[in-house]
Amino acid sequence: MIVKRRKVPLRLKINDAVLRRLSDPHPKRAEVTQDSMRFGAGHKGEVTLDYYTSLLHEDAFHIFQGLRLKTGETHFQMDSLLLSPSLAIIIESKNMAGTLIFNSQFNQMDRSFNDKTDTFDDPLLQVKRHRILLLKWLNLHHYPKIPIEYLVFSSNPSTALRNPTNGPEVYHRVCPPGRLIFKIEEFLSRYKKDVLTLKEHKKLSKLLLKSDQPPESHLPKFQIKPSEYLTGVQCPSCIRYAMERYSGTWNCPHCGATAKDAHLQTLEDYFLLINPTINNKQFRSFVHLPSKKLASKLLANSNLIATGATKSRRYQPK
C-alpha cells in the first residue's frame, strides 16, 4: 500500500518557472537548465522505481516515496522506504547511462559514458547512511530496533554494471530493474518474525507520514533578482507574455489565442519565484491587470487560501 506518493519535486517546478520567466538569452539559463537535467533524470529514475515496487503485493508493505525526515540537525531523504511488520527496506535510485564501475576498496563509483569517466561516491555509502539515520530516528521515537535492509536500484536497463573488485556487497545489494522484486522477496522470506504488531505498524506509518519535511526552495543559489523575471500572462500558443483580459477570458493580441484560466500558471510562477503570498496590488502588477475589482474576482476564484480583512487580504496556495 502506498502511504506517501511521489510528487514532482519542488526543485523541478521552480526550475521550470525560472526558465519560463527568464529572457532568452540570460546568463543564468544554462545553469538552471543543467540543474533541471540532472534532477529531472533522478526523478525519472525514482518514477521507474515506483513502477517496480507497485508490482509487490499490496499488503506486503507500506510504501513511502520520497520521504524526508529529520534527526537532530540532519535531514535525510529516502527515494523509497518499504515498511512491513517484520522489516524495513530503504532503496536508493540511480538513473545514470553508460557503465557504472563499483570500486569497493575505495568506496567509489566510476561512470563511463561517451568516452568520458566521472567519479562519484559509492551510492551504497549513501543508502547505508540513511539506514543509520533511520535507526536513530526510530530510537528517538521509542520504536523497537526493526531490521533495516537497503538496496541501490539502477533504473536504466541499458546501464552496464561492473564489479571489478568483486565486492560481495555490490553483488548482493545493487539491482538492475528486473532483479529488484526478487531481492525484495528474498528479504521478506528471510525476515518472517514480526517485530511490530499491526497496531504499531499502522501507528509508525502515520508518524512517518506526519514527520515528512519537504525540502525548502533552492532558488537563492541562482542569485536571480525578482526584477529579472518576465511579468504578464503567457499565451499558451505563441508563448508571448502579452495576454489581455476582457469578455471573461484572456486574449492574445499577437496570435488571437484565448484561454479562460491562463492566470493560474502566472500565479503559480509568482508563488514559486517571488513570494509565497500575494495581494491584490501585487497580482495586478504581475499580470498587467488595471482593474482592482477584476483582480479581486480572479483571486477569489483561483482556489487559494485567503487571509486578512479586505484591505490587507493576502492569498496563498492550498
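What you see is a predicted model; the values in this text were computed from it and never measured.

The rules we used
Residues numbered from 1 in each chain as written. Predicted model: local features only at pLDDT ≥ 70, side-chain atom pairs only at ≥ 80, totals over all residues. Heavy atoms only, no water. Helix = DSSP H or I, 4+ residues; strand = E, 2+ residues; numbered from the N terminus. Buried < 20%, exposed > 50% of the residue type's maximum accessible area, 1.4 Å probe, protein only. Contact = heavy atoms within 4.5 Å. Expected span 1.5 Å × (residues − 1). Pairing = 2+ DSSP bridges. Axes fitted to C-alpha atoms, helices over the stretch in contact; angles between N-to-C directions. Polar contact = N/O pair within 3.5 Å; in protein donor to acceptor, adjacent residues only side chain to side chain. Core = buried A, V, L, I, M, F, W, Y, C linked by side-chain atoms within 4.5 Å. Phe/Tyr/Trp six-rings, centres within 6.5 Å; stacked < 30°, edge-to-face > 60°.

Q: Would you explain the overall build of the protein chain in this entry?
A: A tally of regular secondary structure across the protein chain gives 9 helices and 15 strands. The principal-axis extents of the C-alpha atoms in the protein chain amount to approximately 65 × 55 × 35 Å. In the protein chain, which comprises 318 residues, the proportion classed as buried is 42%. Partitioning the contacts of the protein chain with sequence separation of at least 6, the portion at a separation of at least 24 is 60%.

Q: Help me out: how do you make sense of helix α2 (residues 29-53) in this one?
A: One turn of the α-helix equals 3.6 residues, which is why residues spaced by three or four share an orientation. With 25 residues, α2 extends 36 Å from end C-alpha to end C-alpha; this agrees with the ideal 36 Å at 1.5 Å per step. Residues Val-32, Asp-35, Ser-36, His-43, Gly-45, Glu-46, Leu-49, Asp-50 and Thr-53 constitute the buried set of α2. If you follow the buried residues of α2, they end up packed against α1 (10-21), β2 (62-71), β3 (74-83), β4 (88-94), β8 (148-154) and α5 (180-190).

Q: Sorry, what's going on with the environment of Gln-108 here?
A: Following the sequence through the fold, Gln-108 ends up in strand β6 (residues 108-113). On the accessibility criterion, Gln-108 (35% relative accessible area) is partly exposed.

Q: Is there a simple way to explain the pairing of β2 in this structure?
A: Each regular strand shows side chains that alternate between the opposite faces of the sheet. Counting buried residues in β2 gives 9 out of 10 residues, a clear majority hidden from the surface. As paired strands, strand β1 (residues 2-4) and β2 are joined by 2 bridges and run parallel to one another. Across the sheet, residue Ile-2 finds its bridge partner in β2, namely Ile-63. As judged from the 9 bridges shared by β2 and β3, these two strands associate in the antiparallel manner. In the strand pairing of β3, Leu-69 is matched with Phe-76. Here β2 hands over to β3 after 2 residues, with Gly-72 in that stretch at a positive phi of 65 degrees.

Q: Would you mind showing me how to read the sheet that holds β1 here?
A: Remark on secondary structure: sheet strands pair via backbone hydrogen bonds, oriented parallel or antiparallel. With respect to topology, 6 strands assemble into an open sheet ordered β1-β2-β3-β4-β8-β10, the strand pairing being mixed. Both edges of this open sheet fall to β1 and β10 (174-175), since each of them pairs with a single strand only. Running over the sheet, helix α3 (residues 123-140) touches β2, β3, β4, β8 and β10 and is turned about 145 degrees from β8.

Q: Sorry, what's going on with the side chain of Thr-159 here?
A: Summarising the element assignment, Thr-159 is placed in the loop between β8 and β9 (160-162). What makes Thr-159 buried here is its relative accessible area of 10%. Among the polar contacts made by the side chain of Thr-159, one reaches the main-chain carbonyl oxygen of Met-96 at a distance of 2.5 Å. Residues in contact with Thr-159, not counting those within four places in the same chain, are Met-96, Ala-97, Gly-98, Leu-100 and Ser-154.

Q: Just to check I follow, could you spell out unusual backbone geometry for this structure?
A: Trans peptide bonds make up most of the peptide bonds, and negative phi angles are found at most residues other than glycine. The step from Asp-24 to Pro-25 runs through a cis peptide bond, and the omega angle for that step is 10 degrees. Among the secondary structure elements, Pro-25 is positioned in the loop between α1 and α2. Its identity as a non-glycine residue notwithstanding, Asn-114 has a phi of 55 degrees, on the positive side.

Q: What's the story with the nonpolar core in this structure? I'm lost.
A: Side chains of a nonpolar character, in soluble globular proteins, are inclined to be buried together. Counting 29 residues, the largest nonpolar core has Leu-69, Met-78, Leu-81, Leu-134, Leu-138, Leu-204 and Leu-208 as its most contacted members. Those elements that provide at least two residues to this core are β2, β3, β4, β5 (99-103), α3, β8 and α6 (198-211). Formed by 21 residues, the second largest nonpolar core is a distinct cluster that contains Phe-271, Ile-278, Val-287 and Ala-295.

Q: For this particular structure, what's the right way to read the packing of aromatic side chains?
A: One pair of aromatic rings is described through two measures. These are the centre distance and the angle between the planes. Applying the stated criterion across every chain yields a total of 4 aromatic pairs. Ring geometry for Tyr-51 and Tyr-52: centres 5.0 Å apart, planes at 75 degrees, overall edge-to-face. On the accessibility criterion, Tyr-51 (49% relative accessible area) is partly exposed. Plain terms: the ring middles of Tyr-270 and Phe-286 are 5.1 Å apart, the flat faces sit at 75 degrees to each other, and that makes the pair edge-to-face. Here Phe-286 lies in helix α8 (residues 280-287) and Tyr-270 lies in helix α7 (residues 263-273), a separation of 16 residues in the sequence. An aromatic cluster of three or more residues is present, and its members are Tyr-51, Tyr-52 and Phe-153.

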